[in-house]
Amino acid sequence: MTNVARRYEGVTALDGVSLAIPPGRTALLGPNGAGKSTLLKILLGLVKPTEGRVEVLGHDPQRDPLAVRLRVGYMPEDDAHLPDMNAVELCAYGAELAGLPPAEAIERAHAALFYVGIDDKRYLPVESYSTGLRQRAKLAAAIVHDPDLLFLDEPTNGLDPQAREEMLSLVYDLKDRRGCDVVLSTHLLSDVERVCSHVIVLGAGKVLADAPLKSLIEHDDPAYELRIKGDRARFVEALKAKGCALQEGGPGPTLMVVPPALGDPSAIWEAAVASDTQVRSLVPRRHSLDEAFLKLLR
Amino acid sequence: MNGDSVAKPGAPTGSVYDLSYKRYTGGRRSPAWRIGVIARYALVAQWKRRGVKVALGLGGLLLAGFSVFAGAKWAATRAFQAQGAGALVAELSNPNHDVALMALRAQWLPTVFLVMFAGAGAIANDLKAGAFQFHFARPVQVGHYLVGRLLGAVGWASLLSLVTLTLLAALRVATGGDVAGVLGAFAAGCVGVLLRLLALAGVALGASSMTRRQGLAQTVYLGLVGGTTIVATGLSDARDGAVWNALSVVGASTSATATLLGTSGLEGVARLAPFGSSLAWGAAGLLLAWRRLRGAEVMRG
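Numbers given to residues run from 1 along each chain, matching the order in which its sequence is written. By the order in which they are written, chains take letters starting at A while ligands take numbers starting at 1. It should be noted that, the model being predicted, local features are given only for residues of pLDDT at least 70 and side-chain atom pairs only at 80 or more, the latter also being counted only at that level, while totals for whole chains, interfaces and linings use all residues. Heavy atoms from the whole structure form the basis of all side-chain values; hydrogens and water molecules are not counted.

### Section: the domain arrangement of chain A
Move 1: An automatic or database domain assignment is the source of the domain bounds shown. Each domain of chain A was delimited in the assignment, giving domain 1 (2-217) and domain 2 (224-286).
Move 2: Placing the centre of domain 1 of chain A and that of domain 2 of chain A at their C-alpha centroids yields a distance of 45 Å.

### Regarding the sheet that holds strand β1 (residues 2-8) of chain A
Residue and element names in this part refer to chain A.
Move 1: In this analysis, strands are considered paired if DSSP registers two or more bridges between them. The helix and strand labels rest on DSSP assignments: H or I over at least four residues marks a helix, E over at least two residues marks a strand, and numbering proceeds from the N terminus. Read across the sheet, 3 strands follow the order β2-β1-β4 without closing on themselves; strand pairing throughout is antiparallel. The two strands at the open ends of the sheet, each matched to only one other strand, are β2 (11-17) and β4 (51-53). Averaged over all pairs of adjacent strands, the angle between strand axes in this sheet comes to 20°, irrespective of strand direction.
Move 2: In this sheet, β4 lies alongside β1 in antiparallel orientation, the contact comprising 2 bridges. Residue pairing for β4: Ala-5 is matched across the bridge by Glu-51. As a rule, the C-alpha atoms of each element are fitted with a line to give its axis, helices using only the stretch in contact, and angles between N-to-C directions run from 0 to 180 degrees.

### Points about the packing of helix α2 (residues 50-82) of chain B against helix α4 (residues 95-106) of chain B
Residue and element names in this part refer to chain B.
Move 1: At their nearest, the axes of α2 and α4 sit 11 Å apart, and the two run at 160° to each other. When the interaxial angle is binned, α2 and α4 end up roughly antiparallel. The way α2 lies across α4 gives a crossing that is right-handed. Residues Leu-62, Phe-66, Phe-69, Ala-70, Lys-73, Trp-74 and Thr-77 of α2 touch α4, and the partners they reach there are Pro-95, Asp-98, Val-99, Met-102 and Ala-106. What sets the label is the angle itself: under 35 degrees gives roughly parallel, over 145 gives roughly antiparallel, 65 to 115 gives roughly perpendicular, and the rest give oblique. A clockwise turn of the near helix away from the far one marks a right-handed crossing, whereas an anticlockwise turn of less than a right angle marks a left-handed crossing. We call two residues in contact when some of their heavy atoms are within 4.5 Å.

### Remarks on helix α8 (residues 142-174) of chain B
All names here are of chain B.
Move 1: Multiplying 1.5 Å by the helix residue count minus one yields the expected span of that helix. Between its first and last C-alpha, α8 extends 47 Å over 33 residues, near the 48 Å set by a 1.5 Å rise per residue.
Move 2: What we call the bend at a residue is the angle made by axes fitted to the seven residues finishing there and the seven residues starting there. Of all the bends in α8, the largest measures some 45° and sits at Gly-155.
Move 3: Just downstream of α8, Gly-176 is the residue with a positive phi angle, here 100°.

### A short note on the interface of chain A and chain B
Move 1: Counting residues at the interface gives 61 residues for chain A, matched by 53 residues for chain B.
Move 2: A buried area of about 5,300 Å², summed over both sides, lies between chain A and chain B, and 56% of it is on carbon and sulfur atoms.
Move 3: For salt bridges, the criterion is a side-chain nitrogen of Lys or Arg within 4 Å of an Asp or Glu carboxyl oxygen. The interface formed by chain A and chain B includes 4 salt bridges.
Move 4: For Glu96(A), the salt bridge identified is with Arg40(B), shortest N-O distance 2.4 Å.
Move 5: We define a polar contact as two N or O atoms separated by no more than 3.5 Å, with the added condition that, inside protein, one atom must be a possible hydrogen donor and the other a possible acceptor, whereas residues neighbouring each other in sequence contribute only through side-chain atom pairs. Viewed at the interface, chain B and chain A are joined by 17 residue pairs in polar contact (both at pLDDT 80 or more).
Move 6: Elements supplying a minimum of two residues to the side of chain A that touches chain B: α1 (36-44), α2 (65-71), α3 (87-97), α4 (102-116), α5 (131-143), α6 (161-176) and α7 (189-195) of chain A.
Move 7: By residue number, the principal contributor to the side of chain A that touches chain B is α6(A), which donates 8 residues.
Move 8: Taken together, the residues of the side of chain A that touches chain B sort by class into 33 nonpolar, 9 polar and 19 charged. Defined in terms of a 1.4 Å probe, buried area is the accessible area two parts forfeit on being brought together, summed over both. Amino acid classes used here: Ala, Val, Leu, Ile, Met, Phe, Trp, Tyr, Cys and Pro are nonpolar; Asp, Glu, Lys and Arg are charged; the rest, including Gly, are polar.

### A look at the nonpolar core
Move 1: If you look at the biggest cluster of nonpolar residues, it comprises 145 residues, and the most contacted ones within it are Met1(A), Tyr93(A), Leu139(A), Ile143(A), Phe151(A) and Tyr221(B).
Move 2: Take this core: its biggest share by element is 12 residues, from α8(B).
Move 3: If near-sequence neighbours (up to four positions away) are discounted, Met1(A) is found in contact with Val17(A), Ser18(A), Leu19(A), Leu39(A), Ile42(A), Leu43(A), Arg53(A) and Val54(A).
Move 4: One finds Tyr224(A), Leu255(A), Ile268(A) and Ala271(A) within the second-largest nonpolar core, a separate group that totals 14 residues. Here, nonpolar core refers to any group of buried Ala, Val, Leu, Ile, Met, Phe, Trp, Tyr and Cys residues whose side-chain atoms link them within 4.5 Å. Three labels apply to residues, based on accessible area from a 1.4 Å probe with only protein chains included: buried if under 20% of the type maximum, exposed if over 50%, partly exposed otherwise in between.

This is the structure:
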């Protein structure tokens, strides 16, 4: 999408957003009101941008929304079922709406429900399901017509740890083995770290970051996290003697050390030898995604 | 259940059951099919509701009662005619007309309730359950959805009305009615059924689109149907003008059928009033629903 804006009366939901979602599992991150849902609805052709140009899988969602929605699956954050329907009917209905013949729709409904782990409860009305089962049913309904691109809006909301792990496994598997690209809209950073390879951060309607996850969590200052066994004070003295700088922030017995030569920890090893200290671990310091996210929002 | 775990390093470790879920390579049907899909699934879902079954049962009882009454009446007419009183009978009433008018009068109450159960809660329930997102995130346009819901709202009621019309027509033929005359009445009855269902379903969907509460939508629908019938009947009696019957959401269709059969007593341009009224009720309700759907929150984002 290029320079996309969406304004409501007195509110700017999106402001000059330009981005290209790469293949794979992409996270759409942002606090409440950042414009994530509006962005997804623009991509689906449900909301018309005030300005800008959008293209999804080679189609303009405003000019040809049906062609986009035929190839896209959407799992909304809120409940999205039909009264008096069980999970099999719901999924078969979704498949038929996407153009599948009835027999194929029923077959794929069962396959999709099996895939998401709903077995013996599939004939119960969806409104009687627990939160976890509802989330699974929504995912099954979103993938039943075999989309090439899947939009998931807060898929792990309200799930217990085991159910969350299974949902994330499905998200992972959808790309890894089914070839379906995934856009995961969430505010749960740990979910993003588990399954996504690319991150788009939205804040106040603008793109704050659009980068591979790896580049966001890699630290730009060449510090190392050290855990040692031995005399800490003596080791610190030896480090300083070798020209190393120490930083605040290491948890507990961990030391944050910046060697004099960028990317070369040999001065640390020399300090350890000189102070007769055992180095138990030495790893390049990494940002957590939480740190990167908060830094972007500031 | 056979499951296997995602095995790549760093991947989540939950089970994924993947025996049969695979890419779909078959064909897809044209978008016009979506209307039929929406209507068919609505009818299946409605069949699970007790109210629909009760209304259909009531319709069945009325059908049986009216069939017995009509059969007895037409058999008596045949006996009179056999005794040479054919001209008198024809002057008093045309038995063929009964096929259409009796069918409409027999089933007006079950029809009103069937459309109420099927249509007056349809959009309200979808709003409440988040089904708009379900529909419009798929290749479905507002037009598909609305026409599908319209067909779903009238499905059971049209079945009941057409069965009643067909049965009475067959009974009339069996009791000595001329086939051409009965077919003419049957066609007039079909027009009446169509107009009635359009008006009722339009009002039901219009009311349904205004709220998330099914009960409120049904109350508004019943209020409009009942209220217009009371007002139309009152004005018709007070001013001695059959044209006022056209105001009624449910009664206008009977007037239209009577007009087609030449028994409504309407003359000139007034003959168009019941047709125009039924179409206007249906169109107004559907237009209201369409406007609401265009502005529903799923569209606003």
